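An overview of the molecular structure
Given next are the chains, with one letter for each unit.
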Amino acid sequence: MKTKKPVCVTGASGFIASHIVKQLLEQGYRVRGTVRKSSQNYPFLLALPGAAEHLELVEADLLAPGSYDKAVEGCDYVMHTASPYKNKVKNPQTDLVDPAVNGTETLLESCLKSGCVKRVILTSSIAAITDEPDSTKIFTEKEWNIMSSLDRNPYHYSKTLAELAAWDFIMKKRPPFDLIAINPFMVIGPSLAPSLNTSNEMIRDIMIGVYPGIIDINWGFVDVRDVAKAHILAMETDTASGRYLCSAEALHMREVVALLKSSGFDKYALPKANMTGKIGTLLMKGLSFTQPKDIGMYIRTTIGRTMHYDNSKIRRELGISFMPVRESLIETIKDMVKWGHLTPPKK
Ligand code: NDP
């Protein structure tokens, strides 16, 4: 299927969205991306192969009602990725929740008004599934994050409320389009934009000695190119439905550091001290109070807990196979060096 109509991608300048735009253009789709008026971030999109002929950019803002009317006009498919992804905010309600939730509702209203949209693919998150790994449980798409609030992991809260608002919209308004949610875990990989994304920044932090030691924490990783592919497959697969947990593999910080060491990055300031035991975890919980509020909270709700999840639905229903995390991590680091976000150690 190659629709002649443009595919709308909101927040086109973003880390994930720009890969969606790139892959859509490579596959011969026309793309209409939305960017913010205030944004300086998007000129790189215009240099993507095929952009001159097939990419159109329009302005839209999550906080402006009706803002997406023009963007979705004449589109069959809309990918809604725009949402603030920040770990440190002054006001969680206005900086995270309002744009995430109101923006999703605004976008869906525009899709409804358009009368042409057939499917909306929403970039949700593992954050809407849980903010607290639980060693005794295997997380699937059935799970919902019921723990977050404005005071506890507000980014997770914003993603949960936004996805709930989207499903609620579908239930109540019965629009002529369906909704698919993609729920990625930690997205890493090369960036098309010069800016450093929040999730790649976490890898940089490991490389530059931000962590006092190897702590008892694990993350699910997924390459940004696979996340983009998942969005496109969700659009192209008629039988796709519901939510898709999108993550390749969960690794403990110990495994991440070992992998980086064995991949030739051992000269960086990788954490050395083993803080994975009970005392290390207690110490880290204490230290978390010296961190910015949201980062401290995230540490306290994840440390000492192992995340297990089941990614079989996306593999089975969308036919996706994930890139090995090792490859992805190596490319992430090389890419951060290329953009000047990471300085290699002197030899
Ligand atoms: P980025 O920060 O790179 O992209 C976010 C995009 O949202 C940017 O294009 C940004 O525009 C846009 N945006 C933010 N606020 C507004 C606003 N008020 N109005 C219009 N646009 C706005 O993040 P990612 O690419 O990493 O994230 C994209 C999506 O994926 C988000 O929904 C995020 O929650 C989700 N996600 C990300 C994960 C990750 O690990 N990276 C994991 C799971 C989910 P501008 O350039 O103008 O700031």
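Residues numbered from 1 in each chain as written. Predicted model: local features only at pLDDT ≥ 70, side-chain atom pairs only at ≥ 80, totals over all residues. Heavy atoms only, no water.

Bringing the overall build of the protein into the picture now. Across its full length, the protein holds 13 helices and twelve strands. Its C-alpha radius of gyration of 20 Å places the protein within 12% of the 20 Å reference for a compact globule of 347 residues. Projected onto its principal axes, the C-alpha positions of the protein cover 60 × 45 × 40 Å. With 347 residues in all, the protein has 57% of them scored as buried. Of the contacts made within the protein by residues no fewer than 6 positions apart, 78% connect residues no fewer than 24 positions apart. Looking at the protein, you have 43 positive and 37 negative side-chain charges, and the mean spots of the two groups are 3 Å apart. (Helix = DSSP H or I, 4+ residues; strand = E, 2+ residues; numbered from the N terminus. Rg over C-alpha atoms; globule rule 2.2 N^0.38 Å. Buried < 20%, exposed > 50% of the residue type's maximum accessible area, 1.4 Å probe, protein only. Contact = heavy atoms within 4.5 Å. Lys, Arg positive; Asp, Glu negative; His and termini not counted. Charge placed at Lys NZ, Arg CZ, Asp CG, Glu CD.)

So, about the site of the ligand. The local shell around the ligand holds 28 residues, among which Ser13, Phe15, Arg36, Tyr155 and Lys159 are the closest. In the environment of the ligand, an oxygen atom lies 3.5 Å from a nitrogen or oxygen atom belonging to the side chain of Ser39. Residue Val187 places a main-chain N or O atom 2.9 Å away from an oxygen atom belonging to the ligand. Put simply, the parts of the chain that give the shell around the ligand at least two residues each are α1 (15–26), α6 (154–173) and β7 (186–188). Taken together, the residues of the shell around the ligand break down into 13 nonpolar, twelve polar and three charged. (Near = heavy atom within 4 Å. Polar contact = N/O pair within 3.5 Å; in protein donor to acceptor, adjacent residues only side chain to side chain. Nonpolar A, V, L, I, M, F, W, Y, C, P; charged D, E, K, R; others polar.)

A separate point is empty space enclosed by the protein. Scanning the model with the defined rule gives one cavity of 30 Å³ or more in all. Lining of the largest cavity is provided by His80, Thr81, Ala82, Ser83, Ala100, Thr104, Leu122, Thr123, Ser124, Lys159, Ala162 and Glu163. For the lining of the largest cavity, the elements supplying multiple residues, two or more each, are α5 (92–114), β5 (119–123) and α6. If you tally residues by element for the lining of the largest cavity, the top one is α6, at three residues. Looking at the lining of the largest cavity residue by residue, the class counts come to four nonpolar, six polar and two charged. (1 Å grid on protein atoms, 1.4 Å probe; cavity = no way out; pocket = protein on both sides within 12 Å on 5 of 7 lines; lining within 4 Å. Points joined across faces, edges and corners; volume = space filled by probe spheres on them.)

It is worth spelling out the sheet that holds strand β6 (residues 178–184) at this point. If you trace the seven strands from one edge of the open sheet to the other, you get β3-β2-β1-β4-β5-β6-β10, paired in parallel fashion. Two strands bound the open sheet, and with one partner strand each, they are β3 (55–59) and β10 (242–246). Strand-to-strand twist across the sheet, computed as the mean angle between neighbouring axes with direction ignored, equals 20°. Bridging between β6 and β10 involves five bridges; their strand directions are parallel. In the strand pairing of β10, Asn183 is matched with Leu245. Each of β1 (7–10), β4 (77–80) and β5 is contacted by α5, which is oriented at about 175° to β4, the strand it contacts most. Here helix α8 (residues 224–236) sits on the sheet in contact with β1, β4, β5, β6 and β10, set at roughly 160° to β5. (Pairing = 2+ DSSP bridges. Axes fitted to C-alpha atoms, helices over the stretch in contact; angles between N-to-C directions.)

Time to look at α1. Helix length check: α1, at twelve residues, gives a terminal C-alpha distance of 17 Å against a target of 16 Å (1.5 Å per residue), a fit within 8%. With respect to burial, α1 is a largely interior element, ten of its twelve residues being buried. Of all the positions in α1, only Phe15, Ile16, Ala17, Ser18, His19, Ile20, Val21, Gln23, Leu24 and Leu25 are classed as buried. Following α1 by one or two positions, Gly28 has its phi on the positive side, about 90°. (Expected span 1.5 Å × (residues − 1).)

Before going further, it helps to spend a moment on the sheet that holds strand β11 (residues 249–252). Spatial ordering of the open sheet is given by β7-β9-β11, a layout of three strands whose pairing is mixed. Looking at the sheet topology across the chains shown, the edges are occupied by β7 and β11. On average, each strand axis in the sheet is tilted by 45° relative to the strand beside it, whichever way the strands run. The pairing of strand β9 (residues 218–223) with β11 spans four bridges and is classified as antiparallel. Residue Gly220 lies in a different strand from β11, and its bridge partner there is Ala250. Contacting β7 and β9, helix α7 (residues 198–207) crosses the sheet at an angle of about 80° to β7.

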